[in-house]
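# Chain and residue survey
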Amino acid sequence: MLNRALHGFFMAKKINGTYYLSRAEAVDYLLFAYPIKWCVSRWSRREVSFSFESKKRKRERVLVNAYFVKDTKNAWVKQAELDYEMCKCTSE
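### Some words on the environment of Y34
- Residue placement: Y34 occurs in the loop between α2 (23–33) and β3 (36–44).
- A polar contact of 2.8 Å, which involves the side chain of Y34, links it to the side chain of D83.

Spelled out as structure tokens, the structure:
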């Protein structure tokens, strides 16, 4: 969706054509790319939960799969999955 923004401002890892963001980068990306006031993330085993409030004062939560990239200990999320889940929430 916003790959131009992703390339310019965020240090996403590109592996086999797929962009991965750390939790902190994903929060920054969401605040930049979508009309939301605040966003927090929480990691739980195989999923990362993103809770946020829209500019219309509606609170939402999305869950995306957590991935572990080689040579790192952090949970990462796919940018495409994050965009897909956010589009489902924000389009309603």
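Back to the text.
### Here's the deal with unusual backbone geometry
- Residues other than glycine seldom take positive phi values, yet R45 does so here, at roughly 50°.
- Summarising the element assignment, R45 is placed in the loop between β3 and β4 (47–54).
- Although it is not a glycine, R57 adopts a positive phi angle of roughly 65°.
- By the secondary structure assignment, R57 is in the loop between β4 and β5 (59–65).

### A look at the confidence of the model for the chain
- Here the chain averages 84 in pLDDT, while 87% of its residues score no lower than 70.
- Contacts of residues 1–7 to residues separated by more than four positions or lying in other chains number 17 contacts, the stretch itself having pLDDT below 50.

### What to know about the pattern of salt bridges
- Counted under the stated rule, the structure contains four salt bridges.
- Between E53 and K37 there is a salt bridge, with its nearest N and O atoms 3.8 Å apart. Of this pair, E53 sits in strand β4 while K37 sits in strand β3; the two residues are 16 residues apart in sequence, bridging distant segments of the chain.
- When its relative accessible area of 39% is taken as the criterion, K37 is described as partly exposed.
- For the salt bridge of E53 with R59, the shortest nitrogen-to-oxygen distance reads 3.7 Å.
- One connected set of salt bridges, linked through shared partners, spans K37, E53 and R59.

### Describing the nonpolar core
- With 20 residues, the main nonpolar core has L30, F50, V77 and L82 as its most contacted residues.
- Listed by contribution, the elements that provide at least two residues to this core are α2, β3, β4, β5 and α3 (79–90).
- At five residues, α2 tops the list of elements feeding residues into this core.
- Setting aside residues up to four positions removed in sequence, V77 forms contacts with Y19, Y20, L21, A26, V48, F50, V64, N65, Y67 and L82.

Scoring rules and cut-offs
- Residues numbered from 1 in each chain as written.
- Predicted model: local features only at pLDDT ≥ 70, side-chain atom pairs only at ≥ 80, totals over all residues.
- Heavy atoms only, no water.
- Helix = DSSP H or I, 4+ residues; strand = E, 2+ residues; numbered from the N terminus.
- Polar contact = N/O pair within 3.5 Å; in protein donor to acceptor, adjacent residues only side chain to side chain.
- pLDDT = per-residue confidence, 0-100.
- Contact = heavy atoms within 4.5 Å.
- Salt bridge = Lys/Arg side-chain N within 4 Å of Asp/Glu carboxyl O.
- Buried < 20%, exposed > 50% of the residue type's maximum accessible area, 1.4 Å probe, protein only.
- Core = buried A, V, L, I, M, F, W, Y, C linked by side-chain atoms within 4.5 Å.

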